[in-house]
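Notes for the structure review
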Amino acid sequence: MDEDTFEDVEAAYHEIKMGGGWYLTISLETSERYEKEYVEIAKERGGQKRGRFNLNPKYARQLGEALIEFADSNEL
């Protein structure tokens, strides 16, 4: 499997429940204009997305590793 492609697109979505009815959503999206895949990280409540961040899929692993390193170093 090529690292830049995702075989199971339906499973490429995850929600993390936060306080006050907010969710942190992570999903795989496709750009209509450029027809490229990207990872969207957004804060969502009531179906409305706030504070979106788009990430190239090849950097998703690096982001995950950096978050784990940060959590470990801060005893979270």
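A brief report on the enclosed structure follows. These numbers were taken from a predicted model, which means no experiment stands behind them.

Rules used in this analysis
- Residues numbered from 1 in each chain as written.
- Predicted model: local features only at pLDDT ≥ 70, side-chain atom pairs only at ≥ 80, totals over all residues.
- Heavy atoms only, no water.
- Pairing = 2+ DSSP bridges.
- Helix = DSSP H or I, 4+ residues; strand = E, 2+ residues; numbered from the N terminus.
- Patch = residues over 30% accessible without salt bridge, like charges linked within 9 Å, V, L, I, M, F, W, Y side chains within 5 Å.
- Areas by Shrake-Rupley, 256 points an atom, 1.4 Å probe, with all protein chains shown as cover.
- Salt bridge = Lys/Arg side-chain N within 4 Å of Asp/Glu carboxyl O.
- Buried < 20%, exposed > 50% of the residue type's maximum accessible area, 1.4 Å probe, protein only.
- Contact = heavy atoms within 4.5 Å.

The next point concerns the pairing of strand E1 (residues 13–17). The sheet contact formed by E1 and strand E2 (residues 23–30) spans five bridges and is antiparallel. Across the sheet, the residue bridging to Glu-15 is Thr-25, located in E2. Hairpin connection between E1 and E2: a loop of five residues separates the two successive antiparallel strands, and Gly-20 in this loop has a positive phi of roughly 70°.

A cluster of nonpolar side chains, contributed by Ile-16, Met-18 and Ile-26, occupies part of the molecular surface with about 200 Å² of accessible area. Mapped onto the secondary structure, Ile-16 falls in strand E1. By relative accessible area, which is 36% here, Ile-16 ends up partly exposed.

Our next topic: the environment of Thr-30. Its place among the elements puts Thr-30 in strand E2. Using a relative accessible area of 49% as the deciding quantity, one classes Thr-30 as partly exposed. Each C-alpha atom, one on Thr-30 and one on Glu-40, is 9.6 Å from the other, the two residues being ten residues apart in sequence. Leave out the neighbours within four places in its chain, and Thr-30 touches Glu-35, Lys-36, Glu-37 and Tyr-38.

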